[in-house]
Amino acid sequence: MSQGPRSGLYAVSSALLAMSRHLEVRDVLKTIVASARELLDAQYAALGVPDDHGGFAQFVVDGVSDAQWKAIGPLPRQHGILAAMLHEARPERLADVRKDPRFEGWPAAHPDMSDFLGLPIRDGDEVIGALFLANKNRTKEYQKDCSAPDGGCGFTEDDQELLTILAQHAAIALTNARLYERSRELTIAEERSRLAHELHDAVSQKLFSLRLTAQAAAALVDRDPARAKGELHQVAMLAAEATEELRAAVIELRPAALDEDGLVATLRTQIQVLDRAHSARVTFAGHGVRALPAAQEEAMLRVAQEALHNALRHSGAGRVDVTLEKRGTGTVLRVSDDGSGFEPTAVRAAGRHLGLVSMRDRSSGVGGTLSVESAPGKGTTIEMEVPGG
């Protein structure tokens, strides 16, 4: 390789590690492009992900300023040399892309490009992207190593090998990022479905009771004003309870302000709302916990919400206590209630009903553990522990 096997392998390794750190598709694309441009010392790099309508769903560039990118205009279509990489699925290494008969349709504001190296990113037989570089910075060193007749190509066969390796791993990183985003979308959909059922079971019942009580009050107004007054008082109470139920549901539905407020403040705020909304006493205490990685904080928040949901909706608890504290080298979330509890030997059957499977998945997904202690008539305690904090 141009800088020797040791430096070349080190550069590839650094690029692959950078790609593996990201889960968001857009972040992965940006990392691939930046890594390719740095690895091959090119002036420009870009990566396009095709859509199903002859254009690009996403197109990421590196080496082009924001002002230049804005002046270039809309995302490119799948034509010319870009279409060749997507549809013919083969590498393209050119001494001067402007002289290629397929070179067409480049906007006037587009940076001037000459030597060019591009290749498809493939997932099996499917082409999921096109990666290309332009304007090798050390062109003169490589003028003898080019397939073009004039020997003026800045990119070498070694460069093409490096980019091929990078593209293969880019396909894995991009596929994993897409799977992660789909998984997250499914999780959000499941949580919204759960909230919809919760609203139907709780708020709808209260609204139905409110309607019946209001009808009874209306019938009593003339013949028994005293009883009508009592019924109207009950209407006011039911309306207040329904309002608090809705407020609690909205708190869960709205994205938690973890980035701004952190886990402790977010938990405290949500638990204060739940304490007002339910007859059970709901408390929170946080002791000496520092900020955790975002994924861990989100997982702990969701586990706390699921455990609170179980305690307040299903256990008949009169008190629910939530604590977040430092324990050794880790952080522990504990949700304890004095409700009906359940038989540990039946935990497999109860697991799905109480969301224990989901809570365990969330815990293990961030390197944590989940324990459940319960007995009939003796309440339930759920603990989640993660490293750090």
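See the structure printed just above.
Residues numbered from 1 in each chain as written. Predicted model: local features only at pLDDT ≥ 70, side-chain atom pairs only at ≥ 80, totals over all residues. Heavy atoms only, no water.

Enquirer: Can you help me understand the pattern of salt bridges in this one?
Expert: Opposite charge on two side chains allows them to pair when their charged atoms are near. For the coordinates displayed, the defined rule picks out 14 salt bridges. With a closest N to O distance of 2.9 Å, D96 and R98 form a salt bridge. Relative accessible area serves as the criterion here: at 37%, R98 is assigned to the partly exposed category. Within the structure, one salt-bridge network assembled from shared partners comprises E88, R90, E92, D100 and R102. (Salt bridge = Lys/Arg side-chain N within 4 Å of Asp/Glu carboxyl O. Buried < 20%, exposed > 50% of the residue type's maximum accessible area, 1.4 Å probe, protein only.)

Enquirer: Even after reading the chapter, I still don't get the layout of surface pockets, so can you show me in this structure?
Expert: Over the atoms rolls a probe the size of a water molecule, and its path tells where empty space is left. By volume, the second largest pocket amounts to about 300 Å³. Partitioning the lining of the second largest pocket into residue classes produces 17 nonpolar, four polar and four charged. (1 Å grid on protein atoms, 1.4 Å probe; cavity = no way out; pocket = protein on both sides within 12 Å on 5 of 7 lines; lining within 4 Å. Points joined across faces, edges and corners; volume = space filled by probe spheres on them. Nonpolar A, V, L, I, M, F, W, Y, C, P; charged D, E, K, R; others polar.)

Enquirer: Teacher, can you tell me more about the sheet that holds strand 7 (residues 319-327) here?
Expert: The pairing of strands in a sheet comes from backbone hydrogen bonds and takes either a parallel or an antiparallel form. Here five strands make up an open sheet; going across it, the order is 6-7-8-10-9 and the pairing mixed. Across the chains shown, the open sheet's two edge strands, defined by having one partner strand only, are strand 6 (281-287) and strand 9 (369-374). Put simply, the sheet's adjacent strands are angled 10° from each other on average, direction ignored. Bridging between strand 8 (residues 330-337) and strand 10 (residues 380-387) involves eight bridges; their strand directions are antiparallel. Within strand 10, the residue paired with R334 across the bridge is E383. Contacts between helix 8 (residues 294-313) and the sheet are confined to strand 6, strand 7, strand 8, strand 9 and strand 10, with strand 8 contributing the most and set at about 10° to the helix. (Pairing = 2+ DSSP bridges. Helix = DSSP H or I, 4+ residues; strand = E, 2+ residues; numbered from the N terminus. Axes fitted to C-alpha atoms, helices over the stretch in contact; angles between N-to-C directions. Contact = heavy atoms within 4.5 Å.)

Enquirer: Help me understand helix 4 (residues 80-87), please; the structure alone is not making it clear to me.
Expert: What sets the pattern is the α-helix's 3.6 residues per turn: residues three or four places apart point alike. Most of helix 4 sits out of view: seven of its eight residues are buried. Within helix 4, burial applies to G80, I81, L82, A83, A84, M85 and L86. Tucked into the core, helix 4 has its buried residues touching strand 1 (42-50), strand 2 (56-62), strand 3 (92-94), strand 4 (116-123) and strand 5 (126-136). Backbone geometry just after helix 4 places A89 at a positive phi near 50°.

Enquirer: What exactly am I supposed to notice about the nonpolar core here?
Expert: Buried together is how nonpolar side chains tend to be arranged in soluble globular proteins. Membership of the largest hydrophobic core comes to 32 residues, with the highest contact counts inside it found for L267, M300, L308, V320, L324, L333 and M384. Listed by contribution, the elements that provide at least two residues to this core are helix 7 (258-277), strand 6, helix 8, strand 7, strand 8, helix 10 (356-365) and strand 10. Broken down by element, this core gets its largest block of residues, nine residues, from helix 8. What M384 contacts, discounting residues up to four positions off in sequence, is A299, M300, V303, T331, V332, L333, S363, V366, T369 and L370. (Core = buried A, V, L, I, M, F, W, Y, C linked by side-chain atoms within 4.5 Å.)

Enquirer: Help me out: how do you make sense of the sheet that holds strand 3 in this one?
Expert: Pairing is antiparallel across the open sheet formed by five strands, whose spatial order is 2-1-5-4-3. Either end of the sheet is taken by a strand with one partner, and the two such strands are strand 2 and strand 3. Shown here is a sheet whose adjacent strand axes are inclined to one another by a mean of 15°, direction ignored. Two strands pair when backbone bridges link them, and strand 4 and strand 5 are joined in this way by eight bridges, in the antiparallel orientation. Within strand 5, the position partnered with D123 by the bridge is E126.

Enquirer: Help me understand the pairing of strand 8, please; the structure alone is not making it clear to me.
Expert: Here is the key point about a regular strand: its side chains alternate between the two faces of the sheet. Counting buried positions along strand 8 yields eight of eight residues, so the element is predominantly enclosed. Burial along strand 8 is two-sided: the residues G330, V332, R334 and S336 and T331, L333, V335 and D337 are all buried. Note: strand 7 against strand 8, eight bridges, orientation antiparallel. Bridge pairing in strand 8 places V322 opposite V335.

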